[in-house]
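If you want the building blocks of each chain, they are given just below.
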Amino acid sequence: MDIGTYKDIPEYFFESTLHNTDFYEIIFFARGNGYLELEQQKIKISNNTIVFISPFQKRKWFVEKSKIDCHFLFFQDSFLSKFFSDKLFSFRLQFFYNKAKPLFIRISTAHLGQLQNIFKELLAEINAFKSDSEHIIRALLYFVLIKLNRLYSECYQLSAETENNIIAFSFKQLLQSEIRMNRNVDYYARKLGVSRITLNKSIKNQFGITVSKMITDFILFEVKSYILYTNLNINEIADLLNFSAANHFTRFFRNNTGYSPKEFRLAYQNGISLT
């Protein structure tokens, strides 16, 4: 885990070249301008903006660094799962691995101030570590993440429940690792040892959408990423994502976006957003 302020971040951090990282990032902007291109979203960076970035999500920053005032919180998935003794912890949070909702929120100055005060306490414990500091750090970090989950869920009208829907969280974890190879609802129901009806009810309660819609959101996210950020042709992308034929891949994409893969790629290359 790492926590700090903008002055602690190396200058290359907010670069406009396409890049990604292998850890989770939450960035709290007290002050900022410009925008972030994060995967297929364009996020305006303004005062009181919080951005959520999952591992390997591609991004480009277009901000004026001299006008940025922010805190950051970085951590690996292994850190969260071990620190909280819960391998599903990162999947319980609505703002990580969300393919359908914006990856940011704007909060009140009061809420931001509360979070900034907790950061100060976290830094104080880290910098003057004692035998019982781990307990305080765990408690404060848990508070921050659950508080953010509530704020994010309220903003986008999602469930803030993090404890009782193990089926939904396990499904989200499976999708993240297996969506490139399998899009069959029955496959995931069997893997989780539940019926289609039970799986659909769990997903509907937690994420507000059907199982089929969530599968489509995840695979469409992967498809768009390959189209926008690689030079692979349609046949190669279809093969990588386990479509039976390129024409099936093209039909799936057009049915869900209204555009062909070629039209989508050309629009992006010309600076036109179709998302």
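Scroll up to find the structure.
Definitions and cut-offs
- Residues numbered from 1 in each chain as written.
- Predicted model: local features only at pLDDT ≥ 70, side-chain atom pairs only at ≥ 80, totals over all residues.
- Heavy atoms only, no water.
- Axes fitted to C-alpha atoms, helices over the stretch in contact; angles between N-to-C directions.
- Helix = DSSP H or I, 4+ residues; strand = E, 2+ residues; numbered from the N terminus.
- Parallel < 35°, antiparallel > 145°, perpendicular 65-115°, else oblique.
- Contact = heavy atoms within 4.5 Å.
- Nonpolar A, V, L, I, M, F, W, Y, C, P; charged D, E, K, R; others polar.
- Phe/Tyr/Trp six-rings, centres within 6.5 Å; stacked < 30°, edge-to-face > 60°.
- Buried < 20%, exposed > 50% of the residue type's maximum accessible area, 1.4 Å probe, protein only.
- Lys NZ or Arg CZ within 6 Å of the ring centre and 35° of its normal.
- Pairing = 2+ DSSP bridges.

**Q** Just give me the short version of the packing of helix 10 (residues 246-257) against helix 11 (residues 261-269), but keep the residues and values in it.
**A** Running from N to C, helix 10 and helix 11 cross one another at 60°; their axes reach a closest spacing of 9 Å. Judged by the angle between their axes, helix 10 and helix 11 are oblique. Side by side, helix 10 and helix 11 meet where Phe249, Thr250, Phe253 and Arg254 of the first sit next to Pro261, Glu263 and Phe264 of the second. Tallied by class, the residues present in the contact of helix 10 with helix 11 amount to four nonpolar, one polar and two charged.

**Q** Residues and numbers for the packing of aromatic side chains, please.
**A** For the structure shown, the criterion picks out 32 aromatic pairs. Between Phe95 and Phe96 the ring centres are 4.8 Å apart and the planes differ by 75°, which places this aromatic pair in the edge-to-face class. The residues Phe95 and Phe96 share a single accessibility class, namely buried. Through a chain of ring-to-ring contacts, three or more aromatic side chains come together here, namely Tyr24, Phe52, Phe75, Phe91, Phe95, Phe96, Tyr97, Tyr152 and Tyr156. The positively charged end of Lys99 is found above the aromatic ring belonging to Phe218, 5.2 Å away from the centroid. Sitting over the ring of Phe243, Arg183 keeps its end group 4.0 Å from the ring centre.

**Q** Which residues make up the pairing of strand 4 (residues 41-44), and what values go with them?
**A** The sheet contact formed by strand 3 (residues 35-38) and strand 4 spans four bridges and is antiparallel. Note on strand 4: the bridge partner recorded for Glu37 is Lys42. As consecutive antiparallel partners, strand 3 and strand 4 are separated by two residues, and within that stretch Glu39 has a phi angle of approximately 50°, a positive value.

**Q** Break down the sheet that holds strand 8 (residues 104-106) for me, with residues and values.
**A** Read from one edge of the open sheet, five strands run 1-7-2-5-8, paired in antiparallel fashion. Either end of the sheet is taken by a strand with one partner, and the two such strands are strand 1 (2-5) and strand 8. Strand-to-strand twist of the sheet, defined as the mean angle between neighbouring strand axes without regard to direction, takes the value 10°. Along the sheet, helix 3 (residues 109-127) contacts strand 1, strand 2 (24-31), strand 5 (49-53) and strand 7 (69-75); its crossing angle with strand 2, the most-contacted strand, is approximately 125°.

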